[in-house]
Amino acid sequence: MPRVSEEHLERRRQQILDAAQLCFARRGFHETSMQDVFAESGLSAGAVYRYFKSKNELISALATQTMVDVRATMSTLIHGDPLPTPAQLVAALAEQIVAQSGPEGTIRLAPQVWALAMVHPEASEYVKDAILAMRGLWHEYAELMHAAGWLPANADTHAVATAMICFIPGFMLQHLIIGDPDPETLARGVRTMLPYGEPVAQPVTT
C-alpha cells in the first residue's frame with residue numbers, strides 16, 4: 001500500500017483548519033462543537049481527531065494564522081521604496097482588516113483568541129509569539145523611521161514600536177464591535193499625531 005504523502009497530510013490538515021475557522025467565525029469558540037467542524041469539513045470524527053485531539057488544539061493552531069496576512073502586508077510595505085508614512089501604513093493595514101472581517105473572515109477570530117489566551121496556557125504561547133512577531137515589525141519600522149530622520153536622534157525606537165502597535169488592535173475592536181471607524185478616519189488621526197514624512201502644506205497665496 002503506498003504511503004500517504006506529506007503534501008496530502010498537509011492538505012487534509014488545512015482542510016480541517018479552514019472548516020474550523022469558518023465555524024468559529026460564524027458562532028464563536030464556545031458555541032462551536034467538534035461535530036460542527038466534522039460537518040463543515042465533510043470528514044469523519046476519526047479523520048479530524050487524527051490531526052487535532054480537541055477543540056482547544058484547533059483553536060491554538062488557528063491562533064498562529066489570524067494575523068499572518070496582516071504581518072506579511074506590513075513587512076512588504078515597510079521594506080518598500082519609498083518608506084510609507086505612519087498614516088499610509090496604518091491605512092493599508094486597516095483596509096486589509098476590513099476586507100477580512102466579514103461574517104466568515106479570519107480577523108473575527110483574533111479577539112476570541114486573545115481572550116482565550118488569558119486562560120488557556122497553550123493558546124497563550126501562540127498568541128504571545130504572534131504579538132512579539134508583530135511588535136518586531138513595528139520596531140523595524142521605527143528603526144527605518146529613525147534612519148529617515150522622521151524621529152528625534154535620541155528616540156527610543158522600542159518605545160515607539162510599543163506605542164504604535166496599539167493602533168491596529170484598537171482599530172480592529174472598534175470595527176468589529178461598533179462598526180466604525182473606516183481606514184481613512186484612522187489614517188487622518190494618525191496623520192495629525194504623527195505627520196512624519198507627510199507633504200508640508202503650502203501657504204495659500206492670494
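First, a word on scope: everything that follows refers to the structure included in this document. Quantities reported herein were computed from a predicted structural model and do not represent experimental measurements. (Residues numbered from 1 in each chain as written. Predicted model: local features only at pLDDT ≥ 70, side-chain atom pairs only at ≥ 80, totals over all residues. Heavy atoms only, no water.)

Structural notes on the packing of aromatic side chains
For step 1, the next point in the chain: Applying the stated rule across the entire model yields 3 aromatic pairs.
For step 2, the next point in the chain: With 5.5 Å between their ring centres and 75° between their planes, Phe38 and Tyr49 make a pair best called edge-to-face. Of this pair, Phe38 sits in helix 2 (residues 34-41) while Tyr49 sits in helix 3 (residues 45-49), and the two are 11 residues apart along the sequence.
For step 3, the next point in the chain: Take Tyr49: its relative accessible area is 31%, and that puts it in the partly exposed class. (Phe/Tyr/Trp six-rings, centres within 6.5 Å; stacked < 30°, edge-to-face > 60°. Helix = DSSP H or I, 4+ residues; strand = E, 2+ residues; numbered from the N terminus. Buried < 20%, exposed > 50% of the residue type's maximum accessible area, 1.4 Å probe, protein only.)

Focus: unusual backbone geometry
For step 1, the next point in the chain: Omega for the peptide link from Asp81 to Pro82 comes to 10°, which places this bond in the cis form.
For step 2, the next point in the chain: One can find Pro82 in the loop between helix 5 (68-78) and helix 6 (86-99).

Quick word on the environment of Trp150
For step 1, the next point in the chain: Here Trp150 is to be found in the loop between helix 8 (121-147) and helix 9 (157-164).
For step 2, the next point in the chain: Once the C-alpha coordinates of Trp150 and Leu186 are considered, the two residues, 36 residues apart in sequence, prove to be 20 Å apart.
For step 3, the next point in the chain: For Trp150, the contacting residues outside a window of four places in its chain are Leu83, Pro84, Thr85, Pro86, Tyr141, Met145, Tyr196 and Gly197. (Contact = heavy atoms within 4.5 Å.)

What about the packing of helix 5 against helix 6?
For step 1, the next point in the chain: In the contact formed by helix 5 and helix 6, the axes pass within 10 Å of each other and the chain directions differ by 155°. Compared by their axis directions, helix 5 and helix 6 come out roughly antiparallel. With respect to the hand of their crossing, helix 5 and helix 6 are arranged in right-handed fashion. Where helix 5 approaches helix 6, its residues Asp69, Val70, Thr73, Met74, Leu77 and Ile78 are matched on the opposing element by Leu89, Ala92, Leu93, Gln96 and Ile97.
For step 2, the next point in the chain: Its residues placed into classes, the contact of helix 5 with helix 6 shows 8 nonpolar, 2 polar and 1 charged. (Axes fitted to C-alpha atoms, helices over the stretch in contact; angles between N-to-C directions. Parallel < 35°, antiparallel > 145°, perpendicular 65-115°, else oblique. Left-handed = near helix turned anticlockwise from the far one by under 90°. Nonpolar A, V, L, I, M, F, W, Y, C, P; charged D, E, K, R; others polar.)

A closer look at the pattern of salt bridges
For step 1, the next point in the chain: One pass over the structure, following the stated rule, counts 7 salt bridges.
For step 2, the next point in the chain: Here Glu104 ties to Arg26 by a salt bridge, and the two come within 2.9 Å at their closest N and O atoms. In this pair, Glu104 is assigned in the loop between helix 6 and helix 7 (109-117) and Arg26 in helix 1 (residues 6-27), connecting sequence segments 78 residues apart.
For step 3, the next point in the chain: Judged by relative accessible area, Glu104 falls into the partly exposed class, the value being 39%.
For step 4, the next point in the chain: Glu198 serves as the salt-bridge partner of Arg191, at 3.8 Å between the closest nitrogen and oxygen.
For step 5, the next point in the chain: Through salt bridges with shared partners, one network takes in Glu184, Arg188, Arg191 and Glu198. (Salt bridge = Lys/Arg side-chain N within 4 Å of Asp/Glu carboxyl O.)

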